[in-house]
Amino acid sequence: MMDDTVYMREAIRQANKAKTMNEVPIGAVIVHQDNVIAIGHNVRETSQTTLSHAELIAIKRANQAIGSWRLEDCTLYVTLEPCPMCAGAIVQSRIGRVVYGAADPKAGCAGTLMNLLDDERFNHQATVTSGVLEAECSSLLTDFFRELRDKRKKS
């Protein structure tokens, strides 16, 4: 039986890796049969590539680990609610379950602005669990952006 907090803590570790690179601290972990098979963290600023979100990096690595584009028996843990692009990739990769920490009021597509993951018009839906270690995930982001604003004020 999966313990969501254990895997979310690994996603938080990934988010902290992004933070050390001056990236928005978002981390993702994909679990299959109680084993972490893929990790990812945000590298959009470093790579200057739109598709460099934590979830997309983890999905690509999970595809390689499983040897298939289908991730039906997998759970994705991510520190921030998936955006429309990532939610679309989750649907397309057939991930069975998504667990996220902090809601995203500006781009959240796993329940906040809309829920692309349970839309019956698509040929796949994912179960969503929200709010796992929410305070910790939220503070990663609020602290990061506060520090960024403070640095800009000083320069």
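Here, the structure is the one placed above.
Residues numbered from 1 in each chain as written. Predicted model: local features only at pLDDT ≥ 70, side-chain atom pairs only at ≥ 80, totals over all residues. Heavy atoms only, no water.

So, about the nonpolar core. Within the largest apolar cluster, 45 residues are counted, with the highest numbers of intra-cluster contacts made by M8, I30, Y77, I90, I95 and L117. Mapped by element, the contributors of at least two residues to this core are α1 (4–20), β1 (27–32), α3 (54–66), β3 (74–80), α4 (84–93), β4 (97–102) and α5 (134–154). With sequence-adjacent residues up to four places away left out, I95 is seen in contact with I30, I59, L71, C74, L76, I90, H124 and A126. (Core = buried A, V, L, I, M, F, W, Y, C linked by side-chain atoms within 4.5 Å. Buried < 20%, exposed > 50% of the residue type's maximum accessible area, 1.4 Å probe, protein only. Helix = DSSP H or I, 4+ residues; strand = E, 2+ residues; numbered from the N terminus. Contact = heavy atoms within 4.5 Å.)

With that settled, consider the state of the cysteines. All chains considered together, the criterion is met by zero disulfides. Take C109: it sits in no disulfide, and the sulfur closest to it among the cysteines is that of C83, at 7.2 Å. In this structure C137 is not part of a disulfide, and its nearest cysteine sulfur, from C86, lies 15 Å away. Classification of C137 as buried rests on a relative accessible area of 1%. (Disulfide = S-S within 2.5 Å.)

A few words now on the packing of aromatic side chains. One pass over the structure, following the stated rule, counts two aromatic pairs. Ring geometry for F144 and F145: centres 5.2 Å apart, planes at 80°, overall edge-to-face. Given a relative accessible area of 33%, F145 falls into the partly exposed group. (Phe/Tyr/Trp six-rings, centres within 6.5 Å; stacked < 30°, edge-to-face > 60°.)

Relative to the helices and strands, I12 resides in helix α1. Taking the C-alpha atoms as reference points, I12 and G27, separated by 15 residues in sequence, lie 5.9 Å from one another. With residues near it in sequence (within four places) discarded, I12 still touches T79, L133, E136, C137 and L140.

Attention now goes to the pairing of β1. Most of β1 is tucked away, with six of its six residues classed as buried. Neither face of β1 is open: one carries G27, V29 and V31, the other A28, I30 and H32, and all of them are buried. Where β1 and strand β2 (residues 35–41) come together, six bridges link them in antiparallel fashion. Of the residues in β2, the one forming a bridge with H32 is N35. Where β1 and β3 come together, five bridges link them in antiparallel fashion. Among the inter-strand pairings, A28 is bridged to a residue of β3, identified as V78. (Pairing = 2+ DSSP bridges.)

Most peptide bonds take the trans configuration, and most residues that are not glycine carry a negative phi. The backbone of N22 shows a phi angle near 60°, a positive value even though the residue is not glycine. As for its position among the elements, N22 is in the loop between α1 and β1. Assessed through its relative accessible area of 53%, N22 is described here as exposed. Positive phi values are uncommon outside glycine, yet L133 reaches one of about 50°.

Quick look at the pattern of salt bridges now. Taken as a whole and assessed by the stated rule, the structure comprises seven salt bridges. R13 is the salt-bridge partner of E10, the closest N and O atoms lying 2.8 Å from each other. Linking E10 with R13, this pair stays in helix α1, spanning three residues, or about one helical turn. Given a relative accessible area of 19%, E10 falls into the buried group. A residue is classified by how much of its surface remains accessible, and R13, at 46% relative accessible area, is partly exposed. Note that E147 is salt-bridged to K19, the shortest N-O span being 3.8 Å. On the criterion of sequence distance, the pair formed by E147 in helix α5 and K19 in helix α1 is long-range, its members being 128 residues apart. Its relative accessible area of 25% is what places K19 among the partly exposed residues. (Salt bridge = Lys/Arg side-chain N within 4 Å of Asp/Glu carboxyl O.)

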